[in-house]
Amino acid sequence: MAARNGRRRHVDKVEKPSGTNIAEYPIMSDKPVILVTRKLPQAVEDRLRSDYEARLNPDDHLYTSDELIERAQGADALLPCHTEHLSAEIIGRLPDSIKAVANFSVGFDHVDLEAAKARGIIVTNTPDVLSDATAELTIMLMLGAARRASEGEHLVRSQEWRDWSPSFMVGIQMTGKRLGIIGFGRVGQVTAKRARGFDMEIHYTDVRRLPREQEAGAIYHDSPEDLLPHCDFLALHCVATPETRNLLNAERIALLPDDAIVVNAARGAIIDDEALIAALKSGKLAAAGIDAYNNEPDIHPGYRELVNTFLMPHIGSATRETRDAMGFRAIDNLDAIFAGREPRDRVV
Ligand code: DGY
C-alpha cells in the first residue's frame, strides 16, 4: 500500500463511524497517481486501484504523444509498455511530478535512459518473470521455422492440401542439432534448458563467460564471429542497444552454416532486415522464426512474402501467468519507490 506525503485528491466511499448507514462520506486519500498506458490484466489493475490512484486505459488504445503528456499531468509515475516510445523529447515534456517509469516489460530500449536520468526519473523493468514464457515461444519459433508450420497451416486452412507423399512438406529436424545463443542471460539460459530436451548441443556468446554451473555444459565463444559457424539454429536473446543494432548483418549471416535457421524473440533492432531477407531468399538460410521486428507492427514486407518465415506478433511473454507476474513486478517496483526504498529492478 502506497501513500504520498502532503497531497490529497482522491475521494473514497466509507462507512460513517457513528451510524448504521453506508453513505458517501468524502475523505481525501493520499495515494500516488499512476498513469497506466495500456489495459493490464484484471488482477493487476485491481491491485493498482486498491493501492494507488490509477489512471487506466480501459479501451487499450495507443496514446499519441500529446495524449500521453496530457494524461500525465499531476501523475507521480508512469506504468508504460514497450509500445510507448519515451524518447528524450517526450521525457522532456513530462510534468515535474513524474518520479518514476515502472515498465511493464523486461526490455527498456523504448525509454531514453539518459534523458530519464538527467531528470532524476527512476526507471524499472520486469526481469525474470517472463523468461519461461519467452523461452517457450523461442522453442516454438525454432520448431515452426524448421517444420514449415506457416506453410502447413496455410495449406490446411485454405483447403489447398491435396495429397501426401514422402517428399511433401519435408523440413529440418531439431533433435540433436547445435543451437547457438547470442545473449546468455535469463531467457537465453531457459531456452538452452528447454533445447536440451531435444538433445541439442548448446553454444553461446555473451559479453563475458558465465560460471560453469550456469553454463550447464554450454560451450562458450568469445565473439559472435566465433560462435556462428557452430549454429545449426541461432537464437537471439541479447538486449537491444546501440552496440547490438544490426548485429546479425550480411557479414555475420555468411558465417552461419548453409541451411541454418535463425530465430528472434528479443528485439527487431538486432537484425539487419535486408540482410536476413536476402539470405532467406537466396537459400543460404533454410528458415527464420521471428517474434520481434523493427518498426512493429509495420514490419518489413519482405518477411510476409517469404514462405520460409514463421512469424508471430511479439507475443513472447503473452501467457496469462506471465502477464500477471509482469504487472505485479512493476507494482512491486512502484511500492518500493513510494515507500522510499530502492526498487528491485532499477535500470536507472
Ligand atoms: C518485454 O518485456 O520486453 C517484451 O518484449 C514485451 O514488452
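Residues numbered from 1 in each chain as written. Predicted model: local features only at pLDDT ≥ 70, side-chain atom pairs only at ≥ 80, totals over all residues. Heavy atoms only, no water.

### A look at the pattern of salt bridges
So the rule is basically this: We count a salt bridge whenever a side-chain nitrogen from Lys or Arg sits within 4 Å of a carboxyl oxygen from Asp or Glu. Numbering of helices and strands runs from the N terminus, with a helix taken as a DSSP run of H or I at least four residues long and a strand as a DSSP run of E at least two residues long.
Inspection of every chain in the model, using the stated rule, returns 21 salt bridges. The salt bridge partner of arginine 93 is glutamate 89, with a shortest N-O separation of 3.6 Å. One end of the pair, arginine 93, and the other, glutamate 89, are both in helix 3 (residues 88–93), four residues apart, so they sit about a helical turn from each other. Of the charged contacts, one joins aspartate 258 and lysine 284 as a salt bridge, the two residues approaching to 2.8 Å between their closest N and O atoms.

### Some details on the domain arrangement of the protein chain
Stated precisely, the cut-off is as follows: Per the annotation, domain bounds derive from an automatic or database assignment of domains. Buried area: the accessible area, evaluated with a 1.4 Å probe, that two parts lose upon being put together, summed over both parts.
Taken domain by domain, the protein chain holds domain 1 (4–129 + 320–338) and domain 2 (131–311). Of note, the centres of domain 1 and domain 2, computed from C-alpha atoms alone, are 35 Å apart. Summed over both partners, the interface of domain 1 with domain 2 comes to about 570 Å²; 42% of that surface belongs to carbon and sulfur atoms. Considering only the surface of domain 1 that becomes buried against domain 2, His82, Asp109 and Asp128 emerge as the three largest contributors, covering 62% of it. Our enumeration of links across domain 1 and domain 2 arrives at two salt bridges.

### A few points about the environment of glutamate 151
Spelled out, the test is: Residues count as neighbours in contact if any of their non-hydrogen atoms are within 4.5 Å of one another.
Take glutamate 151: it is sitting in helix 6 (residues 149–157). Leave out the neighbours within four places in its chain, and glutamate 151 touches Met169 and Val307.

### Some words on the site of the ligand
We count it as follows: Consider each residue's heavy atoms; a residue with any of them within 4 Å of a molecule or strand counts as near. Here a polar contact means two N or O atoms within 3.5 Å. Within protein one must be a hydrogen donor candidate and the other an acceptor candidate, and residues neighboring in sequence count only if both atoms are side-chain atoms. Surface accessibility in these figures is a Shrake-Rupley result with a 1.4 Å probe; residues are shielded only by whichever protein chains are displayed. For this classification, the nonpolar set comprises Ala, Val, Leu, Ile, Met, Phe, Trp, Tyr, Cys and Pro, the charged set comprises Asp, Glu, Lys and Arg, and every other residue, Gly included, is treated as polar.
Close to the ligand lie His82, Ser105, Val106, Gly107, Leu130, Arg267, His314, Ser317 and Met326, which account for all nearby residues. Within the backbone of valine 106, an N or O atom sits 2.7 Å from an oxygen atom of the ligand. Considering the ligand on its own, with 230 Å² of exposed area, one finds that the protein chains cover 89% of that surface. Its residues assigned to classes, the shell around the ligand shows three nonpolar, five polar and one charged.

### Some remarks on the pairing of strand 3 (residues 33–36)
Quick note on the threshold: Three exposure classes are used, based on accessible area relative to the maximum for each residue type with a 1.4 Å probe and protein chains only: buried under 20%, partly exposed in between, and exposed over 50%. By this definition, two strands are paired if DSSP reports at least two bridges between them. Consider the strands pointing away from the viewer: the crossover is right-handed when the path from the first strand over the helix to the second runs clockwise.
Both faces of strand 3 are covered, namely the face carrying Val33 and Leu35 and the face carrying Ile34 and Val36. Direction of pairing for strand 3 relative to strand 4 (residues 53–55): parallel, over a ladder of three bridges. Considered in strand 4, the bridge of leucine 35 is made with arginine 55. Read from strand 3 through helix 1 (residues 42–51) to strand 4, the crossover connection turns out right-handed. Sheet analysis places strand 3 next to strand 5 (residues 77–79), joined by three bridges and oriented parallel. Of the residues in strand 5, the one forming a bridge with leucine 35 is leucine 78.

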